[in-house]
Amino acid sequence: MKNLFKLEIPEKRNFGLDLLRFIAIFTVLVSHSITVLPERYYFVHKFITDGVLIFFVLSGFLIGRILIRDFEHTLNFSNILSFWKRRWFRTLPAYYFTILLIIFISLISHNYINREYLTKSLFFAQNLVIHKYNFFAESWSLAIEEWFYLLMPLLIFLLSVSLSKNIKQIVLISFFIILIFSLLIRSYIFHCNNIASIQQWDTLLRSPVITRLDSIFVGVLGAWFYHYKKDFFTENRSFLFVIGVITFFANKIYCDYFFSYNFYTCVLYFILCPFSILLMVPKFYYMGETKLPFLNSIITKGSLISYSMYLLNLTVISILILQPLTLNIWIKFILFWVATITASILMYKYVEQPFMRLRDR
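Below: a short report on this structure. It should be emphasised that the depicted structure is a prediction, and the values quoted were computed from it without experimental measurement.

What counts and how
- Once a new chain begins, its residue numbering starts again from 1 and follows that chain's sequence as written.
- Only residues with pLDDT of 70 or above have their local features reported here, since the model is predicted, and side-chain atom pairs are shown and tallied only from 80 upward, although totals for entire chains, interfaces and linings are computed over all residues.
- To get the side-chain values, take all heavy atoms of the structure and skip hydrogens and water.
- Numbering goes from the N terminus for both helices and strands, where a helix is a DSSP run of H or I of at least four residues and a strand is a run of E of at least two.
- An expected span of 1.5 Å times one less than the residue number is assigned to each helix.
- Exposure classes here rest on a 1.4 Å probe applied to the protein chains alone. A residue is buried below 20% of its type maximum, exposed above 50%, and partly exposed in between.
- We call two N or O atoms a polar contact when they sit within 3.5 Å, provided that within protein one can donate a hydrogen and the other can accept it, with sequence-adjacent residues counted only if both atoms are side-chain atoms.
- Stacked, tilted and edge-to-face pairs are distinguished by plane angle, under 30 degrees for stacked and over 60 for edge-to-face with tilted covering the rest, among Phe, Tyr and Trp rings (Trp via its six-membered ring) whose centres lie within 6.5 Å.
- Criterion for a charge above a ring: Arg CZ or Lys NZ at most 6 Å from the ring centre, at most 35 degrees from the ring normal.
- We count Lys and Arg on the positive side and Asp and Glu on the negative side, and we leave His and both chain ends out.
- The salt bridge definition used is simple: a Lys or Arg side-chain nitrogen within 4 Å of an Asp or Glu carboxyl oxygen.
- Throughout, a residue-residue contact means that at least one pair of heavy atoms, one from each residue, lies within 4.5 Å.
- Convention adopted: a line fitted to C-alpha atoms gives each axis, helices being fitted over their contacting stretch, and angles between N-to-C directions are expressed from 0 to 180 degrees.
- What sets the label is the angle itself: under 35 degrees gives roughly parallel, over 145 gives roughly antiparallel, 65 to 115 gives roughly perpendicular, and the rest give oblique.
- When the near helix sits turned anticlockwise from the far one by under a right angle, the crossing is termed left-handed; a clockwise turn instead gives a right-handed crossing.
- Under the convention adopted here, Pro, Cys and the residues Ala, Val, Leu, Ile, Met, Phe, Trp and Tyr are nonpolar, Asp, Glu, Lys and Arg are charged, and Gly plus all remaining residues are polar.
- Candidates for patches are residues over 30% relative accessible area with no salt bridge; among them, like charges are joined within 9 Å and nonpolar side chains (Val, Leu, Ile, Met, Phe, Trp, Tyr) within 5 Å.
- Each accessible area is a Shrake-Rupley estimate made with a 1.4 Å probe; only the visible protein chains count as cover when residues are assessed.

The next subject is helix α1 (residues 15-33). Residues separated by three or four positions in an α-helix point in the same direction, a consequence of the helix having 3.6 residues per turn. For α1, which comprises 19 residues, the first-to-last C-alpha distance of 26 Å matches the rise-based estimate of 27 Å (1.5 Å per residue) to within 8%. Counting buried positions along α1 gives 16 out of 19 residues, so the element sits mostly inside the fold. Its side-chain oxygen at 3.1 Å from the backbone nitrogen of Gly16, Asn14 defines the N-terminal cap of α1.

Under the defined criterion, the tally for this structure stands at 37 aromatic pairs. On the basis of an interplanar angle of 65° and a centroid distance of 5.2 Å, the ring pair of Tyr95 and Tyr96 is categorised as edge-to-face. Ring geometry for Phe148 versus Phe217: centroids 5.3 Å apart, planes at 85°, classification edge-to-face. Here Phe148, found in helix α5 (residues 140-162), pairs with Phe217, found in helix α8 (residues 209-228); they are 69 residues apart in sequence, far enough to count as distant. For the pair Phe148 and Phe217, one class covers both residues: buried. Here a set of aromatic residues connected by ring pairs shows up, and it is made of Phe61, Tyr226, Phe233, Tyr285 and Tyr286. The residue whose ring lies beneath Arg87 is Tyr149, and the NZ or CZ to ring-centre distance is 5.3 Å.

Turning to the side chain of Arg87, a few remarks are in order. Locating Arg87 in the fold gives a position in helix α3 (residues 77-108). Buried charged residue Arg87 carries no salt bridge. Nearest counter-charge: Glu145, at 6.3 Å. If we skip the residues at most four places from it in the chain, Arg87 touches Ile63, Tyr149 and Arg359.

This brings us to the packing of helix α2 (residues 51-71) against α5. Packing of α2 against α5 brings their axes to within 11 Å, and their N-to-C directions diverge by 25°. Put simply, α2 runs roughly parallel to α5. The interaxial crossing formed by α2 with α5 has right-handed handedness. On α5, the residues that touch Val52, Phe55, Phe56, Ser59, Gly60, Ile63, Leu67 and Phe71 of α2 are Trp140, Ser141, Ile144, Glu145, Phe148, Tyr149, Met152, Pro153 and Ile156. Grouping the amino acids of the contact of α2 with α5 by side-chain chemistry returns 13 nonpolar, three polar and one charged.

Bringing unusual backbone geometry into the picture now. The backbone of His110 shows a phi angle near 60°, a positive value even though the residue is not glycine. For His110, the location among the structural elements is in the loop between α3 and α4 (115-122). On the basis of relative accessible area, His110 is assigned to the exposed category, the value being 74%. Its identity as a non-glycine residue notwithstanding, Phe124 has a phi of 55°, on the positive side. Residue placement: Phe124 occurs in the loop between α4 and α5.

Counted at 1.5 Å a residue, the expected span for α8 with its 20 residues is 28 Å, and the 29 Å between its end C-alpha atoms agrees. Taking burial as the measure, the 20 residues of α8 include 17 buried ones, the bulk of the element.

Taken as a whole and assessed by the stated rule, the structure comprises eight salt bridges. Ionic pairing is found between Asp18 and Arg21, a salt bridge with its closest N-O pair at 3.0 Å. Here the residue Asp18 and the residue Arg21 both occupy positions in helix α1, the gap between them amounting to three residues, near one helical turn. For Asp18, a relative accessible area of 2% translates into the label buried. Its salt-bridge partner being Asp256, residue Lys252 comes within 3.0 Å of it at the nearest N-O pair. Remark: Asp256 and Lys252 occur in helix α10 (residues 237-257); sequence separation between them is four residues, near one turn of the helix. Residue class for Lys252 comes out buried when judged on its relative accessible area of 16%. Given the relative accessible area of 24%, Asp256 is considered partly exposed. Put simply, Arg13, Asp18 and Arg21 are held in one network by salt bridges that share partners.

What follows concerns a nonpolar patch on the surface. A cluster of nonpolar side chains, Ile321, Leu325, Leu327, Ile331 and Leu335, forms an exposed patch at the surface whose accessible area comes to about 370 Å². Mapped onto the elements of the fold, Leu325 is located in the loop between α13 (306-322) and α14 (329-360).

Take a look at the structure:
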């Protein structure tokens, strides 16, 4: 049993980025865990951040570094195919395994499966233009990331053919193209719809692919600064961190206490808040481990299984398994955390890792 759940920490981990990823998944789990509790406990949301935004910026930063590194000297379709293969070996096996779990549990518990939503989810089309909650509700953010993986290399390739072979210029141009596109789309949706509820705001603006690609491209801009302006990236990290924290919490206070469906919250928020997170990334990147080895281990291992926890915690654990049970709410709350962590360790070890080893070979 000990070996069954034992996690080995790979070498060359960046502790600061692991900490950022741990904060992101922890806030997601807290947000989803309180759904098993009465509404009077929902005030907890005011004390946690948007973990998905952190994941978006972090993904953009990490993938942006890979793209710049791989495409700087040789940019051809063979390189793009290699990039896609490595990304999809990393993300798709666990995703489709989770879909199989949802289907299996739904069948044995006689839950209805919407075939249209299922088919769309197989191709990450469940929230291209509009997001309606379906049988795998939380996958909306992964769909945005998968379309980013698909479109970013293609955009860079097309710009290299038509404009310039200089990857340094191309990445910046790509960022501004996506930024302008996303701002125009959100502005159009805002002006054409009377956004008057959190559900409309989420369905039309927060969750669709076409409205949120710029949130990930903000991280790509951070990768550009890391690669081409590293002195600025490293020497100013403390100052940037302070500015990032101030702007981030100013955003949060406004959204928690003064939120209204205006141009800022419907259009600008989705780019300004990721920028505040990006300003913190340099500080996290050069952050060393704490003096508590046990805490370091929790953070690093939590980061390792974060993708599995993201996939399993809500639809599989909370909705399909715990929701039908007639148990005390606090027992459900504890079971949510225990089951999510346990199942995620198993999926990381026996689904994610084998495919990553296969990818590396």
